[in-house]
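One-letter residues, chain by chain:
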Amino acid sequence: MDKVSPDCPYPGCFFCVMKEGNPSKRRASILKFFRELPSQDDDGQVLPISGLWNTAMAHPNDPEFIELGIFECMAALIWKGLKNRRWLSHDQNIYIPYYAAHIIGSYTMNMEEFAKSAVHAGVIPPLVELLRGRLTWVEQRVAVRALGHLATYPSTFPNVANHGEILELSIQLAMSSLEIVYSHFYQYVDRRLSYHCDLLTRGMGGVEMESRKAEEWASQLQCWSLQLINCFAFKPEFLPAICKSEFLTKLPGMWGGLVNENSPAGIGLLRTICHHKLGRGPVASCPGLIEALCNIARSSDDWQYMAIDCLLWLLQDPSTFHKVIDKAVPALVDLAEITTLGDHKKLGDTIVNVLQECMQSQGTGRNSPSSRTKEQIEELLNSKQRLKWEKNMPKEDLHIKQAAALVVKLEGNSLFSSGNISGAASKYSEALALCPVRSKKERVVLYSNRAQCHLLLQQPLAAISDATHALCLHNPLNRHAKSLWRRAQAYDMLGLAKESLLDAILFINECSQSNDPDLSLRQNKVPDYAERLVKKQMRAAWLFREAAIKHGGVHCEGDAGDMYGQETDDSEWETASESDIGNDGRDEMGDEDDDSEWKNEDERKDKYDKPPMKDIKHGYNVQLAEDEP
């Protein structure tokens with residue numbers, strides 16, 4: 001590394017080395033640089049480390065630095081920071097352990113061969129020390145990320161598992177990560193470590209941006225912890241350590257900050273646990289967990305299928321069947337009209353088959369399903385039998401049934417307009433009994449209209465059930481705007497802020513992209529009442545809400561006061577029965593024309609056939625400050 005640019009003041013400068021034109025000299029110089037860097041105490045060491053971090057992020061599959069010893073170098077630098085606090089506090093060396101752990105995680109993200117090289121280089125012990133919290137939560141974040149990547153591969157998982165404390169540390173971190181970030185960074189603006197602020201904002205400072213990034217990183221800290229735990233959960237011998245009641249009950253609320261197949265969040269981990277018999281028993285015995293799974297199963301969420309899988313596996317297991325059936329059946333009956341959900345084909349048929357098996361193998365005495373559960377399953381099976389009968393009916397008879405259903409529906413609309421809400425609900429039920437099962441579009445309208453009646457009658461559970469039926473019948477799935485809105489209001493009545501928020505955001509998405517001429521004439525396609533509900537639920541579902549309450553509120557910057565830490569005054573919020581414009585609290589009944597299901601599908605143009613909003617959970621978590629009134 002003797003070649004130095006004439007303008008460079010640093011002997012052996014890494015950036016000058018990288019400009020070396022002779023490949024063999026360049027490799028030799030880089031090799032020497034990696035070997036010597038941990039033993040040096042020169043100023044400016046963070047500069048080449050940050051350059052390596054940029055390279056690792058941009059080219060994580062490039063083997064050059066792996067072959068030349070970057071893992072050994074990064075492990076040594078982490079150890080140096082842990083053992084030599086004088087060096088760590090000098091110049092800008094405080095950043096180096098963070099960058100070093102991040103580099104390890106980036107290079108082990110995709111390539112198993114790189115992961116094996118990292119393990120051989122001894123990266124696990126220093127990463128475990130960071131995971132313990134020997135430095136701060138910022139280093140914990142990149143340590144758990146790197147360990148999660150190493151645990152992903154069959155060849156390197158045993159090396160991670162050999163450090164028995166990793167699993168317990170990850171479980172504790174998943175449960176406490178939000179409180180850690182809140183109490184150690186977010187809560188007190190004037191006590192924030194400057195290097196944390198710089199890392200979060202990459203030089204683009206500002207208290208507001210720091211706070212937003214802290215929320216994002218806290219979500220990631222939790223989600224990467226869950227990913228690491230998920231690697232252990234595939235091994236039955238680790239399930240007893242994972243399946244503790246305190247941890248399981250919190251999993252449904254762990255949304256995490258990343259929505260992809262490698263970041264499972266709490267519901268993804270629950271799915272892994274429920275896949276094995278050893279995990280299903282503790283899940284079925286955990287208070288409140290089945291209700292939470294049912295709420296996620298009904299949701300229009302990326303993880304909906306995971307919750308459905310959990311419920312089906314629990315029902316198919318004889319040892320857990322009797323514990324969950326009365327709670328799981330209502331949700332699964334609502335979802336039985338689903339056809340395809342992601343990669344799950346004929347999911348509704350699978351649900352029906354499992355529920356039919358439940359009826360055939362039901363227990364006796366205390367293990368027997370309730371009479372209401374049996375009725376719900378029988379009603380579902382009868383509706384499927386109706387569909388078979390209809391296939392053999394003449395088209396003329398089906399048209400007559402459809403016309404009769406339309407007449408009854410119009411009677412229901414008239415009763416609704418006159419204020420007879422209970423009578424309108426009965427008419428919509430009568431119309432559903434008449435309407436051909438194949439007339440999905442008309443049944444969407446009937447279920448959605450009845451859901452609105454249930455809202456006005458203060459029956460939120462029934463409203464959620466009907467709205468879910470409508471959303472499952474709708475094409476595309478989960479995209480019927482009025483049903484989304486009605487279910488959002490019903491969840492609000494029950495105090496389920498996250499579920500309400502998700503539906504309200506999807507409703508706004510459908511409004512903003514709708515071709516409805518009534519909406520297109522408005523200057524703002526997003527209804528004000530929907531915006532208000534979103535803001536209300538964002539406060540209630542705020543990432544740091546529990547931590548803020550525990551620690552006595554948040555004292556935010558500027559004029560924001562402590563709005564997040566206290567119960568907000570929602571006196572100006574319009575309730576579910578008061579929220580729609582121009583009709584005294586009753587939104588207009590969805591009386592769309594119905595194209596018969598047996599017509600050519602090409603003739604149907606669905607006005608809601610738009611791409612779905614992406615990354616909803618992540619987006620709302622990091623934009624709270626901007627969206628608050």
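Conventions adopted
- Residues numbered from 1 in each chain as written.
- Predicted model: local features only at pLDDT ≥ 70, side-chain atom pairs only at ≥ 80, totals over all residues.
- Heavy atoms only, no water.
- Helix = DSSP H or I, 4+ residues; strand = E, 2+ residues; numbered from the N terminus.
- Buried < 20%, exposed > 50% of the residue type's maximum accessible area, 1.4 Å probe, protein only.
- Contact = heavy atoms within 4.5 Å.
- Areas by Shrake-Rupley, 256 points an atom, 1.4 Å probe, with all protein chains shown as cover.
- Expected span 1.5 Å × (residues − 1).
- Phe/Tyr/Trp six-rings, centres within 6.5 Å; stacked < 30°, edge-to-face > 60°.
- Lys NZ or Arg CZ within 6 Å of the ring centre and 35° of its normal.
- Axes fitted to C-alpha atoms, helices over the stretch in contact; angles between N-to-C directions.
- Parallel < 35°, antiparallel > 145°, perpendicular 65-115°, else oblique.
- Nonpolar A, V, L, I, M, F, W, Y, C, P; charged D, E, K, R; others polar.
- Salt bridge = Lys/Arg side-chain N within 4 Å of Asp/Glu carboxyl O.
- Left-handed = near helix turned anticlockwise from the far one by under 90°.
- Polar contact = N/O pair within 3.5 Å; in protein donor to acceptor, adjacent residues only side chain to side chain.
- pLDDT = per-residue confidence, 0-100.
- Disulfide = S-S within 2.5 Å.

Concerning the overall build of the protein
Piece 1. Counting its secondary structure elements, the protein contains 34 helices and zero strands.
Piece 2. Evaluated residue by residue, the protein yields a buried proportion of 55% over its 629 residues.
Piece 3. The long-range fraction of contacts in the protein, counting pairs at least 24 apart against all pairs at least 6 apart in sequence, stands at 71%.
Piece 4. Just so you have it, the protein exposes about 27,500 Å², and 50% of that area is on carbon and sulfur atoms.

A short note on helix 26 (residues 440-456)
Piece 1. Helix length check: helix 26, at 17 residues, gives a terminal C-alpha distance of 25 Å against a target of 24 Å (1.5 Å per residue), a fit within 8%.
Piece 2. In terms of burial, helix 26 is a largely internal element, 15 of the 17 residues being buried.
Piece 3. Phi turns positive one or two residues past the end of helix 26, at Gln 458, with a value near 60°.

Remarks on the packing of aromatic side chains
Aromatic rings in a pair are described by how distant their centres are and how their planes are angled relative to each other.
Piece 1. One pass over the full model with this rule turns up 20 aromatic pairs.
Piece 2. Arranged with centres 6.0 Å apart and planes meeting at 65°, the rings of Trp 137 and Phe 185 form a pair that is edge-to-face. In this pair, Trp 137 sits in helix 10 (residues 137-152) while Phe 185 sits in helix 12 (residues 165-186), placing the two residues 48 residues apart along the sequence. Of the two residues, Trp 137 and Phe 185, neither departs from the other in class, the shared state being buried.
Piece 3. An angle of 90° between the planes, with centres 4.9 Å apart, marks the rings of Phe 232 and Phe 238 as edge-to-face. Neither Phe 232 nor Phe 238 differs from the other in exposure class; each is buried.
Piece 4. If you follow Lys 83 out to its NZ or CZ, it ends over the ring of Trp 79, 4.8 Å from the centre.
Piece 5. Here the basic side chain of Arg 145 rests over the ring of Trp 224, its NZ or CZ set 5.9 Å away from the ring centre.

Comments concerning the packing of helix 17 (residues 265-274) against helix 18 (residues 277-284)
Packed helices, taken two at a time, are described by the angle their axes make and the gap between the axes.
Piece 1. Put simply, helix 17 and helix 18 touch, their axes get as near as 6 Å, and they point 120° apart. With respect to helix 18, the axis of helix 17 lies oblique. Residues Leu 270, Ile 273 and Cys 274 of helix 17 form the contact with helix 18, whose participating residues are Gly 279, Arg 280 and Val 283.
Piece 2. Residues belonging to the contact of helix 17 with helix 18 are distributed by class as follows: four nonpolar, one polar and one charged.

Observations concerning the pattern of salt bridges
Piece 1. Tallying each qualifying case throughout the model produces 27 salt bridges.
Piece 2. In this structure, the salt-bridge partner of Glu 291 is Lys 327, at a minimum N-O distance of 3.6 Å. You can see Glu 291 sitting in helix 19 (residues 289-298) and its partner Lys 327 sitting in helix 21 (residues 321-334), a full 36 residues away along the chain.
Piece 3. By relative accessible area, Glu 291 is classed as partly exposed at 35%.
Piece 4. Each member of the salt-bridge network shares a partner with another, and the members are Glu 129, Arg 132, Arg 134 and Glu 165.

A closer look at unusual backbone geometry
Piece 1. Between Asn 475 and the following residue, Pro 476, the backbone shows a cis peptide bond with an omega angle of 5°.
Piece 2. Examined against the element boundaries, Pro 476 turns out to sit in the loop between helix 27 (460-473) and helix 28 (481-493).
Piece 3. For Lys 346, which is not a glycine, the phi torsion comes out positive at approximately 50°.
Piece 4. Residue position: Lys 346 is located in the loop between helix 21 and helix 22 (347-360).
Piece 5. Take Lys 346: its relative accessible area is 59%, and that puts it in the exposed class.

A look at the packing of helix 7 (residues 96-107) against helix 10
Piece 1. The geometry of helix 7 relative to helix 10 is characterised by a closest axis approach of 8 Å and an angle of 20° between their N-to-C directions. When the interaxial angle is binned, helix 7 and helix 10 end up roughly parallel. Viewed along their axes, helix 7 and helix 10 form a crossing whose handedness is left-handed. Along the contact surface, helix 7 presents Tyr 98, Ala 101, His 102, Ile 104, Gly 105 and Ser 106, while helix 10 presents Val 138, Glu 139, Arg 141, Val 142, Ala 143, Arg 145, Ala 146 and His 149.

Details of the side chain of His 149
Piece 1. With respect to the helices, strands and loops of the structure, His 149 is situated in helix 10.
Piece 2. Beyond its immediate stretch of four places on either side in the chain, His 149 contacts Gly 105, Thr 108, Met 109 and Gln 227.

Topic: the environment of Ser 422
Piece 1. Here Ser 422 is to be found in helix 25 (residues 421-434).
Piece 2. It is 8.4 Å that separates the C-alpha atoms of Ser 422 and His 454, two residues lying 32 residues apart in sequence.

What about the environment of Asp 198?
Piece 1. Considering the arrangement of structural elements, one finds Asp 198 in helix 13 (residues 194-201).
Piece 2. We classify Asp 198 as partly exposed; its relative accessible area is 37%.
Piece 3. In terms of polar contacts, Asp 198 uses its side chain to reach the side chain of Tyr 95, at 2.8 Å.

Quick look at the confidence of the model for the protein
Piece 1. In this model, the protein carries an average pLDDT of 84, and 82% of its residues clear a pLDDT of 70 or more.
Piece 2. The low-confidence segment residues 554-586, where pLDDT is below 50, has 70 contacts with residues more than four positions distant or belonging to other chains.
Piece 3. Residue range residues 592-629 is modelled with pLDDT below 50. Its contacts to residues more than four positions away, or to other chains, number 90 contacts.

Section: the state of the cysteines
Piece 1. The final tally for this structure, using the stated rule, is zero disulfides.
Piece 2. Cys 286 carries a free sulfur, and the closest cysteine sulfur to it, the one in Cys 243, is 9.3 Å from it.

Section: the environment of Ile 421
Piece 1. Within the secondary structure, Ile 421 is located in helix 25.
Piece 2. In this structure Ile 421 comes out as buried when scored by relative accessible area, which is 10%.
Piece 3. Remark: the alpha-carbon pair of Ile 421 and His 454, spanning 33 residues in sequence, is separated by 8.4 Å.

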